Amino acid sequence: MSGLEGKVAVITGATSGIGLATAEALSERGVKLVLHGRRGEILQAHAARLPNCDVLAGDIADPATPDALVDLAMKRFGRMDIAFANAGLIASGPVDDIDLDAMSDMLRVNIDATFRFAYTALRHMKKAGGGDMLFTGSVLGTKTRPNAGPYAATKYAVEALAESLRMELAGTGVRVAVVEPGLVRTDLHRDYEVRPEIAQSVPQPLTPADVARAVVFAVEQPASVLIPRIMVLPSGQNV
Ligand SMILES: NC(=O)c1ccc[n+]([C@@H]2O[C@H](COP(=O)([O-])OP(=O)(O)OC[C@H]3O[C@@H](n4cnc5c(N)ncnc54)[C@H](OP(=O)(O)O)[C@@H]3O)[C@@H](O)[C@H]2O)c1
């Protein structure tokens, strides 16, 4: 039996990709789920397939969403042990050509909504005396590349927040960790096939399940152990 059996996880960005793979991996270990994303029909299909799974559809950038997610976890399952701030999107391009509206949307989701969800989840966990607050960062939260500045900035912001929180919450029973993937084949990179420069530098991207294994590894540690950051790269990634 997994030490995670019976715990409750709230996961944002869980319609597809890393969030969904993590939901599935946790579910296999007996974790109960509250999943969030905008695509309601897809969420409903996940809820029909995964045991003990409830869902909420909407925009993560709506300031009411974090409270609604914690309330749903408490109403349906009576607890929340794991909060995974994973929803995110990418807007990239040269500084004089980037789509400014897309960039603003990204800042809102990757930074503002992530910080708000953490604020609400952590207040709850502190009161409850423990829990795991997880963030999806990126290798681009530790270094940047041409045309990736705004996206990397959002992930640097996540790293800064998580590192401060780790210190603020030391000794409270609340653990804070960031998973930092390299290139993962998900809906985020719908244009992977048509961008030869990416395919050349990363011939075999990670799968969402590769990242989910790292998340599970972090939360399965005994309470006395914290893994604050896990970088997961495709072994062939040369940038
Ligand atoms: N793929 C990579 O190479 C890679 C590498 C490093 C880090 N990451 C990070 O991994 C995280 C997950 O991305 P992914 O690669 O798994 O791509 P994905 O499959 O596109 O997942 C993104 C998730 O975020 C949700 N989302 C986006 N905007 C939202 C909004 N306004 N409101 C609510 N939900 C929203 C999407 O749900 P809906 O579309 O249903 O709203 C979806 O579930 C992101 O934070 C991303 O930056 C990805």
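Residues numbered from 1 in each chain as written. Predicted model: local features only at pLDDT ≥ 70, side-chain atom pairs only at ≥ 80, totals over all residues. Heavy atoms only, no water.

Named according to an unreviewed UniProt entry, the protein chain is NADP-dependent 3-hydroxy acid dehydrogenase YdfG originating from Thalassobaculum litoreum DSM 18839. Per UniProt, the protein chain has the following entry under Sequence similarities (unreviewed entry): "Belongs to the short-chain dehydrogenases/reductases (SDR) family." (UniProt positions renumbered as here; feature names shortened; annotations may be inferred.)

K.L.:
Which parts of the structure should I look at to understand the environment of G131?
P.N.:
Within the secondary structure, G131 sits in strand 5 (residues 131–136). The exposure class assigned to G131 is buried, which follows from its relative accessible area of 14%. C-alpha of G131 to C-alpha of V176: the two residues are 45 residues apart in sequence and 8.7 Å apart in space. (Helix = DSSP H or I, 4+ residues; strand = E, 2+ residues; numbered from the N terminus. Buried < 20%, exposed > 50% of the residue type's maximum accessible area, 1.4 Å probe, protein only.)

K.L.:
Got a minute to help me understand unusual backbone geometry in this structure?
P.N.:
What you tend to see is this: most non-glycine residues have negative phi, and most peptide bonds are trans. With a phi angle near 50°, N52 is a residue other than glycine that sits in the positive phi range. N52 sits in the partly exposed class, given a relative accessible area of 40%. Within the chain, N147 stands out as a residue other than glycine whose phi angle is a positive 70°. Here N147 is to be found in the loop between strand 5 and helix 5 (149–168). In this structure N147 comes out as partly exposed when scored by relative accessible area, which is 42%.

K.L.:
So what exactly am I meant to see when it comes to the site of the ligand here?
P.N.:
As a matter of local geometry, the ligand sits amid 31 residues, with T15, S16, R38, Y151 and T186 nearest to it. Taking T15, its side chain carries an N or O atom lying 2.6 Å from an oxygen atom of the ligand. Take L188: an N or O atom from its main chain is 3.4 Å from an oxygen atom of the ligand. Protein coverage of the free-state accessible area of the ligand, which is 870 Å², stands at 96%. Secondary-structure elements contributing two or more residues to the shell around the ligand are helix 1 (17–28), strand 2 (32–37) and helix 5. In the shell around the ligand, the residues fall into eleven nonpolar, 15 polar and five charged. (Near = heavy atom within 4 Å. Polar contact = N/O pair within 3.5 Å; in protein donor to acceptor, adjacent residues only side chain to side chain. Areas by Shrake-Rupley, 256 points an atom, 1.4 Å probe, with all protein chains shown as cover. Nonpolar A, V, L, I, M, F, W, Y, C, P; charged D, E, K, R; others polar.)

K.L.:
I would appreciate a short explanation of the pattern of salt bridges in the present structure.
P.N.:
Opposite charge on two side chains makes pairing possible when the charged atoms of those side chains draw close. With the rule as written, the count across this model stands at eleven salt bridges. Among the salt bridges present, the one from D112 reaches R116, with a minimum N-O distance of 3.1 Å. One end of the pair is D112 and the other is R116, both in helix 4 (residues 100–128) and four residues apart, which spans about a single turn. The partner of R229 in a salt bridge is E163, and the shortest N-O contact between them spans 3.4 Å. (Salt bridge = Lys/Arg side-chain N within 4 Å of Asp/Glu carboxyl O.)

K.L.:
Help me understand helix 2 (residues 40–49), please; the structure alone is not making it clear to me.
P.N.:
Counting along an α-helix, one turn takes 3.6 residues, and residues three or four places apart therefore face a common direction. Residues of helix 2 that are buried include every one of L43, H46 and A47, and no others. Along helix 2, the residues classed as buried sweep out an arc of 100° about the axis, all on the same side. Exposed side of helix 2, more than 90 degrees from the buried face: E41, Q44 and A48 are the residues found there. Of the surrounding elements, those touching the buried residues of helix 2 are helix 1, strand 2 and strand 3 (53–57). (Arc of directions from axis to C-beta. Contact = heavy atoms within 4.5 Å.)

K.L.:
Is there a simple way to explain the nonpolar core in this structure?
P.N.:
As a rule of thumb, nonpolar side chains are buried together in soluble globular proteins. I11, L26, L33 and L35 are the most contacted members of the largest nonpolar core, which has 34 residues in total. Of all the elements, helix 7 (residues 208–219) adds the most residues to this core, at seven residues. Core analysis: the next-biggest nonpolar cluster, separate from the first, contains 31 residues, V34, I60, V109 and A113 among them. (Core = buried A, V, L, I, M, F, W, Y, C linked by side-chain atoms within 4.5 Å.)

K.L.:
Would you mind going over the side chain of E180 with me for this structure?
P.N.:
Relative to the elements of secondary structure, E180 occurs in strand 6 (residues 174–181). Buried and without a salt bridge, E180 has R229 as its closest oppositely charged side chain, separated by 4.4 Å. Ignoring sequence-local partners within four residues, the contact set of E180 consists of G137, S138, V139, T142, E159, R229, I230, M231 and V232. (Lys, Arg positive; Asp, Glu negative; His and termini not counted.)

K.L.:
What is the right way to read the packing of helix 4 against helix 5 from this model?
P.N.:
Taken N-terminus to C-terminus, the directions of helix 4 and helix 5 make an angle of 15°; their axes are 9 Å apart at the nearest point. It follows from the interaxial angle that helix 4 and helix 5 lie roughly parallel. Helix-helix and strand crossings are classified by hand; for helix 4 and helix 5 the assignment is right-handed. Where helix 4 abuts helix 5, its residues M103, M106, L107, N110, I111, T114, F115, A118 and L122 lie against P150, Y151, T154, K155, A157, V158, L161 and L165. Counted by class, the contact of helix 4 with helix 5 contains 13 nonpolar, three polar and one charged residues. (Axes fitted to C-alpha atoms, helices over the stretch in contact; angles between N-to-C directions. Parallel < 35°, antiparallel > 145°, perpendicular 65-115°, else oblique. Left-handed = near helix turned anticlockwise from the far one by under 90°.)

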